[in-house]
Amino acid sequence: MLSYVLRRCFYAVFVLFGVATVVFFITRLTGDPLSIMLPPDATPEQEQVLRRALGMDRSLIEQYGVYLINLLQLDLGVSLRYDEPTFRLILERMPATIQLAGAAMIFSLIVAIPADIIAAIKRGSLIEKAIMSFVVLVQSVPVFWVGMVMVLLFAVNLKLFPTGGIGGFNHLLLPAVALGTHLLALVTRLLRSSLIDALSSDYVRTARSKGLPSRVVIAKHAFRNCLLPIVTIVGLEIGALLGGSVVTETVFAWPGVGQLLIQSIYNRDYPLVQGAIIILAGIFVLVNLLVDICYVFIDPRIQYK
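Residues numbered from 1 in each chain as written. Predicted model: local features only at pLDDT ≥ 70, side-chain atom pairs only at ≥ 80, totals over all residues. Heavy atoms only, no water.

Student: Even after reading the chapter, I still don't get the packing of helix H5 (residues 86-121) against helix H12 (residues 257-266), so can you show me in this structure?
Tutor: Each packed pair of helices is defined by two parameters, the angle between the axes and the distance between the axes. Two elements in contact, H5 and H12, have axes separated by 7 Å at closest approach and are oriented at 135°. Judged by the inter-axis angle, H5 sits oblique to H12. Every residue of H12 that contacts H5 at Leu89, Ile90, Arg93, Met94 and Thr97 is listed here: Val257, Gly258, Gln259, Leu260 and Gln263. A per-class count over the contact of H5 with H12 returns five nonpolar, four polar and one charged. (Axes fitted to C-alpha atoms, helices over the stretch in contact; angles between N-to-C directions. Helix = DSSP H or I, 4+ residues; strand = E, 2+ residues; numbered from the N terminus. Parallel < 35°, antiparallel > 145°, perpendicular 65-115°, else oblique. Contact = heavy atoms within 4.5 Å. Nonpolar A, V, L, I, M, F, W, Y, C, P; charged D, E, K, R; others polar.)

What follows is the structure, encoded as structure tokens:
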């Protein structure tokens, strides 16, 4: 296990290096940030002074070399917009993003798991068809559209929830539901198929023949053997939740990393864009490593070499 973890960490370095390289050159395609930072009547001399102060008077390759050296020292740079360390700005917004992504995941699992069990038990019934039709519909609708409809219906028309911002449970519910709908649909479709296969397997029939209650058969035997695909999809979707929060946070004015990233793209704030994407990519790589480690505890037959 230790050698496997070390090997994965070694691969993660190359993954993050690739992400850092791609985002560095792509951000330079968005335009010159000095055109936003300087007033329209700025003189060429003032532009040259600011360009030299920001290190943008060097060639692109030289800027890339400095960027990599700073990155190796865990220095993400200073925001051009806020004139503060990029890492501090992202760290301040990260709790809000984690709160939103965590609430979205909890909502999706709380709804998906009971719905899957009912659909698997009532296979072929009208209830199962209704559940799966709803799942297909939810998975076909973009997250931002769901968010805007929920704001219009529940916040603007019915005035049951605030239209945006961060606060208590009322502020969290709508964005969490909007962000969690896609994961809900994925978990429901995947778990239903796994449960149907498990319920028709020999070990479940043996458990039923022993006279065990249905809830014990489903929870202890069938559902437990369906945990591997659930853990896999949840681990992969954590990155999607963090990435999807960019749109959701913008729709609901949620002050997280996603909203900060969108603002930094508009402002052509190179260091902030680069730092946010690298940190989100690092979280995604770390979560996938933890998911692989969890496999061993869920199914002891799995061994890593």
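Student: How should the side chain of Thr27 be read in this particular structure?
Tutor: Looking at where Thr27 falls in the secondary structure, it is placed in helix H1 (residues 2-27). A polar side-chain atom of Thr27 sits 2.7 Å from the main-chain carbonyl oxygen of Phe24. Among the polar contacts made by the side chain of Thr27, one reaches the side chain of Arg28 at a distance of 3.1 Å. Ignoring sequence-local partners within four residues, the contact set of Thr27 consists of Tyr270, Val273 and Gln274. (Polar contact = N/O pair within 3.5 Å; in protein donor to acceptor, adjacent residues only side chain to side chain.)

Student: Teacher, can you tell me more about the packing of aromatic side chains here?
Tutor: Following the criterion strictly, the structure yields seven aromatic pairs and no others. Three or more aromatic residues joined by ring pairs make a cluster, and in this case those are Phe24, Phe25, Tyr64 and Tyr67. Directly above the ring of Phe24 sits Arg28, whose terminal nitrogen or CZ lies 3.9 Å from the centroid. (Phe/Tyr/Trp six-rings, centres within 6.5 Å; stacked < 30°, edge-to-face > 60°. Lys NZ or Arg CZ within 6 Å of the ring centre and 35° of its normal.)

Student: Quick question: what am I supposed to make of the packing of helix H7 (residues 143-157) against helix H8 (residues 169-199) here?
Tutor: Where H7 contacts H8, the two axes come as close as 9 Å, and the packing angle between them is 150°. Classed by the angle they form, the pair H7 and H8 counts as roughly antiparallel. Our pair here, H7 against H8, has a crossing hand that is right-handed. The residues of H8 that touch H7, namely those facing Val143, Val146, Gly147, Met150 and Phe154, are Leu174, Val177, Ala178, Leu179, Thr181 and His182. Grouping the amino acids of the contact of H7 with H8 by side-chain chemistry returns eight nonpolar, three polar and no charged. (Left-handed = near helix turned anticlockwise from the far one by under 90°.)

Student: Hey, could you run me through the nonpolar core in this one?
Tutor: Proteins that are soluble and globular tend to have nonpolar side chains buried together. Core analysis: the largest hydrophobic core is formed by 34 residues, its most contacted members being Leu100, Leu191, Leu195, Leu199, Ala222 and Leu241. Of all the secondary structure elements, the ones that give two or more residues to this core are H5, H8, helix H9 (202-209), helix H10 (214-222) and helix H11 (227-251). Of the residues forming this core, the biggest block, twelve residues, is contributed by H8. Apart from residues lying up to four places away in sequence, Leu191 is in contact with Ile113, Asp116, Phe223, Cys226 and Ile230. Core analysis: the next-biggest nonpolar cluster, separate from the first, contains 19 residues, Tyr64, Leu68, Val246 and Leu261 among them. (Core = buried A, V, L, I, M, F, W, Y, C linked by side-chain atoms within 4.5 Å. Buried < 20%, exposed > 50% of the residue type's maximum accessible area, 1.4 Å probe, protein only.)

Student: Can you help me understand the environment of Ala42 in this one?
Tutor: Turning to its location among the elements, Ala42 is positioned in the loop between helix H2 (34-37) and helix H3 (44-53). On a C-alpha basis, the gap between Ala42 and Asn170 in space is 46 Å, while along the polypeptide they are 128 residues apart.

Student: Sorry if this is basic, but what is going on with the environment of Arg58 here?
Tutor: Its location among the elements puts Arg58 in the loop between H3 and helix H4 (60-72). For Arg58, a relative accessible area of 43% corresponds to the partly exposed category. Contacts of Arg58, omitting those with residues within four sequence positions, involve Gln63 and Val66.

Student: How should I be thinking about unusual backbone geometry in this particular structure?
Tutor: For residues other than glycine, phi is negative in most cases, and the peptide bonds are mostly trans. Backbone geometry places Leu74, a non-glycine residue, at a positive phi of 60°. Topologically, Leu74 is positioned in the loop between H4 and H5. A relative accessible area of 75% places Leu74 in the exposed class. One non-glycine residue with positive phi stands out, namely Ala253, at about 50°. With a relative accessible area of 39%, Ala253 lands in the partly exposed category.

Student: What should I look at first to understand the pattern of salt bridges in this one?
Tutor: Once the charged atoms of two side chains with opposite charge are near each other, the side chains can pair. Counted under the stated rule, the structure contains two salt bridges. The salt bridge partner of Glu47 is Arg51, with a shortest N-O separation of 2.8 Å. Within this pair, Glu47 and its partner Arg51 are both found in helix H3, separated by four residues, close to a single helical turn. (Salt bridge = Lys/Arg side-chain N within 4 Å of Asp/Glu carboxyl O.)

Student: I keep staring at H8 and nothing clicks. Help me out?
Tutor: For an α-helix, 3.6 residues make a turn, and residues three or four places apart therefore share a direction. With 31 residues, H8 should cover 45 Å at 1.5 Å per step; its first-to-last C-alpha distance of 38 Å lies more than 12% under that length. At Gly180, H8 shows its largest bend, some 40°. (Expected span 1.5 Å × (residues − 1). Bend = angle between axes of the 7 residues up to and from the residue.)

Student: I keep staring at a nonpolar patch on the surface and nothing clicks. Help me out?
Tutor: Judged by side-chain polarity, Phe144, Trp145, Met148, Val149, Leu153, Leu158, Leu160 and Val247 come together as a nonpolar surface patch covering roughly 720 Å² of accessible area. No other element matches H7, which puts five residues into the nonpolar patch. Relative to the helices and strands, Trp145 resides in helix H7. (Patch = residues over 30% accessible without salt bridge, like charges linked within 9 Å, V, L, I, M, F, W, Y side chains within 5 Å. Areas by Shrake-Rupley, 256 points an atom, 1.4 Å probe, with all protein chains shown as cover.)

Such coordinate-based values are descriptive only and should not be taken to indicate function.
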